[in-house]
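# Fold and contact review
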Amino acid sequence: MNNPDPRPFPLILVRVGSAMVGVALLFSLWASPDRLGSLPWFIIAIVGVSLVLVLTHETVVSRLAERVTPHHLLQLFLFIGFLTLLSALFTSRWPDYKLSWLSTVYAQLPSVRSLPWEWTKQGLQSNQTGGIMALVTGFACAVALTPGLRIRERWESIFLTVSGTVVVFMTGSRAALAGLGVSIFLLLVLRTIRWLWLWGPALAAVVLIALASGWVHRAIQFFLHDEALDAKLVARLDIWSSALSGIQDHFLTGIGLGVFNQVMPIRYPYQTVGLSYPVSQAHNLFLDVTLAIGFPGVLGLVLLLTGTLALAVRDLKQSGAARAVGGGILASMLFYVVFGITDSISLSIPTSFIIWISACAVVINHTHAIRSYSDKMDDNVRNNLPGEVASWLREKVLN
């Protein structure tokens, strides 16, 4: 176990970023053309911001780190993962037009959409469930690759990795599947960077063989068989162009959460995307956040994500459950950013709350590592050094 920094600069980024998002949320609610419609999403986001600011306060997080261990955090995220798995299976609107040969599988799955209540019939859009499912699957995969875990934790993470990947595939969300693969690859690169000289050339050779054999082209054709790549790019560019126009007019405050589909088609109409096609977000994380809560809000989110990622990278130097939690949060946040290139887990949907949970968890995990290292140092210096020298060393570690 390496010595963690007791007052890491990334923690400041997390707190400052959260505070900036909170202020931006207040201004965006004021600027929203439908404040009542924005209010539920505002409440979810402002509760998340408040949670981060309270739980990452030095006094609070120190007390939490005494009671909440990395194993507790690990079990929390695995529980969220299994809950997401069940929700995706029973609430998704499966995309028959993307993977029609899976229609027989979809038909066998029980669904809340068959219940006699109006609010259950619509179900959840498959890209939404695919995005959050891929995020928790990335966490589980990183945990499964971590040595030194309890047997039950390892098997739970392996099961969630396999089943989660299958469900992401079933949702037909190509951005989620690609983002999951890229995030796990980046995590492996960070963990094995010292062996890059060995596996780097081997990977390059495999990629060249795949390109030369036409396997990459066949894979692209399989995932894009329902819609040509150029058509998808034109649609994305059309949505991004409209979003940029909206940002230009609402640079500081944004248009508010949850009102994208009310504002954009009317004030900033699309050129190629039809009105019958439901567009609920800007299909880019940073454009979507900037449009919703303004530039100060997206700047705060960038600071929050930077601090969270930096703390997670530092926790890769720990061992056991602390390393698993750090690696899992790193993989899930990397997915969040990569997925956000062409899609996003918008702040206007409840599943975005996972961002605030991850920020709190990585700070608690890092603080627990600091306490564990300090306690270990205490034991070592008490057993091997004179009292005055031991006190001096302990003070240096903590301060």
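Our subject is the structure listed above.
Described below are features of the structure shown in this document. The structure presented is a predicted model; accordingly, all values stated were derived computationally and were not measured.

## Concerning the overall build of the protein
When helices and strands are counted, the protein shows 18 helices and 2 strands. Looking at the protein as a whole, 48% of its 399 residues qualify as buried. Carbon together with sulfur atoms contributes 68% to the accessible area of the protein, which is approximately 19700 Å² in total.

## Re the side chain of Ser173
Of note, Ser173 is situated in the loop between helix 8 (151-171) and helix 9 (174-191). For Ser173, the side chain forms a polar contact with the main-chain nitrogen of Ala176, separated by 3.3 Å. Ser173 has contacts with Asn127, Gly130, Val168 and Phe339, leaving out every residue within four places of it along the chain.

## A look at empty space enclosed by the protein
Applying the stated criterion across every chain yields a total of 2 cavities of 30 Å³ or more. One number sums up the size of the second largest cavity: a volume of about 70 Å³. Together, Ile255, Gly256, Leu257, Gly258, Val259, Phe260, Ser280, Asp288, Leu291, Ala292, Ser346 and Ser348 line the second largest cavity. When residues of the lining of the second largest cavity are assigned to their parent elements, the largest contribution, 3 residues, is made by helix 14 (residues 285-293). When its residues are assigned to classes, the lining of the second largest cavity shows 6 nonpolar, 5 polar and 1 charged.

## Re the environment of Phe42
Secondary-structure assignment places Phe42 in helix 2 (residues 35-55). Exposure remark for Phe42: the relative accessible area of 11% places this residue in the buried category. Sequence-wise, Phe42 and Gly22 are 20 residues apart; in three dimensions their C-alpha atoms are separated by 9.5 Å. In this view, Phe42 contacts Leu25, Leu26, Leu29 and Leu257; residues no more than four positions away in its chain are not counted.

## Describing the packing of aromatic side chains
Summed over all chains, the structure comprises 5 aromatic pairs. Ring geometry for Phe77 against Phe139: centres 4.7 Å apart, planes inclined by 20°, an arrangement best described as stacked. Separated by 62 residues along the polypeptide, Phe77 in helix 4 (residues 70-91) and Phe139 in helix 7 (residues 126-144) bring together distant segments of the chain. Across the pair, Phe139 and Phe77 agree in class, each one buried. When the centroid spacing of 5.1 Å and the interplanar angle of 15° are considered together, the rings of Phe335 and Phe339 count as stacked.

## Digging into helix 7
Here helix 7 is 19 residues long and its end C-alpha atoms lie 26 Å apart, about the 27 Å a rise of 1.5 Å per residue gives. Extensive coverage of helix 7 is indicated by the burial of 18 of its 19 residues. Where helix 7 begins, one side-chain oxygen reaches toward the backbone nitrogen of Asn127, 2.9 Å away; that side chain belongs to Gln125.

## Concerning the side chain of Thr367
Within the secondary structure, Thr367 is located in helix 17 (residues 353-384). In this structure the side chain of Thr367 is engaged in a polar contact, spanning 2.8 Å, whose partner is the backbone oxygen of Val363. When sequence neighbours within four positions are dropped, the list of residues in contact with Thr367 reads Val61, Ser62 and Ala65.

## Considering the pattern of salt bridges
Applying the stated rule across the entire model yields 2 salt bridges. Its salt-bridge partner being Arg67, residue Glu66 comes within 3.9 Å of it at the nearest N-O pair. Classification of Glu66 as partly exposed rests on a relative accessible area of 48%.

## Section: a nonpolar patch on the surface
Residues Val182, Phe185, Leu186, Leu203, Val207, Leu208 and Leu211 make up a contiguous nonpolar surface patch of about 570 Å² in total accessible area. Elements with a contribution of two residues or more to the nonpolar patch: helix 9 and helix 10 (196-213). Counting residues per element, the nonpolar patch draws most heavily on helix 10, at 4 residues.

## Points about the nonpolar core
Formed by 75 residues in total, the largest nonpolar core has its most connected members in Leu25, Ile293 and Ile329. At 11 residues, helix 16 (residues 320-339) tops the list of elements feeding residues into this core. In contact with Ile329, not counting residues within four places along its chain, are Phe77, Phe139, Thr308, Ala312, Ser358, Ala361 and Val362. In this structure, Val259, Met264, Ala282 and Leu287 belong to the second largest nonpolar core, which totals 14 residues.

## Observations concerning the packing of helix 9 against helix 16
In the contact formed by helix 9 and helix 16, the axes pass within 8 Å of each other and the chain directions differ by 135°. Here helix 16 runs oblique to helix 9, going by the angle between their axes. Of the two elements, helix 9 crosses helix 16, and the hand of that crossing is right-handed. Residues Ala175, Ala176, Gly179, Leu180, Val182, Ser183, Ile184, Leu186, Leu187, Leu190 and Arg191 of helix 9 form the contact with helix 16, whose own contacting residues are Arg323, Gly327, Leu330, Ala331, Leu334, Phe335, Val338 and Phe339. Partitioning the contact of helix 9 with helix 16 into residue classes produces 14 nonpolar, 3 polar and 2 charged.

Reading the values: the criteria
- Residues numbered from 1 in each chain as written.
- Predicted model: local features only at pLDDT ≥ 70, side-chain atom pairs only at ≥ 80, totals over all residues.
- Heavy atoms only, no water.
- Helix = DSSP H or I, 4+ residues; strand = E, 2+ residues; numbered from the N terminus.
- Buried < 20%, exposed > 50% of the residue type's maximum accessible area, 1.4 Å probe, protein only.
- Areas by Shrake-Rupley, 256 points an atom, 1.4 Å probe, with all protein chains shown as cover.
- Polar contact = N/O pair within 3.5 Å; in protein donor to acceptor, adjacent residues only side chain to side chain.
- Contact = heavy atoms within 4.5 Å.
- 1 Å grid on protein atoms, 1.4 Å probe; cavity = no way out; pocket = protein on both sides within 12 Å on 5 of 7 lines; lining within 4 Å.
- Points joined across faces, edges and corners; volume = space filled by probe spheres on them.
- Nonpolar A, V, L, I, M, F, W, Y, C, P; charged D, E, K, R; others polar.
- Phe/Tyr/Trp six-rings, centres within 6.5 Å; stacked < 30°, edge-to-face > 60°.
- Expected span 1.5 Å × (residues − 1).
- Salt bridge = Lys/Arg side-chain N within 4 Å of Asp/Glu carboxyl O.
- Patch = residues over 30% accessible without salt bridge, like charges linked within 9 Å, V, L, I, M, F, W, Y side chains within 5 Å.
- Core = buried A, V, L, I, M, F, W, Y, C linked by side-chain atoms within 4.5 Å.
- Axes fitted to C-alpha atoms, helices over the stretch in contact; angles between N-to-C directions.
- Parallel < 35°, antiparallel > 145°, perpendicular 65-115°, else oblique.
- Left-handed = near helix turned anticlockwise from the far one by under 90°.

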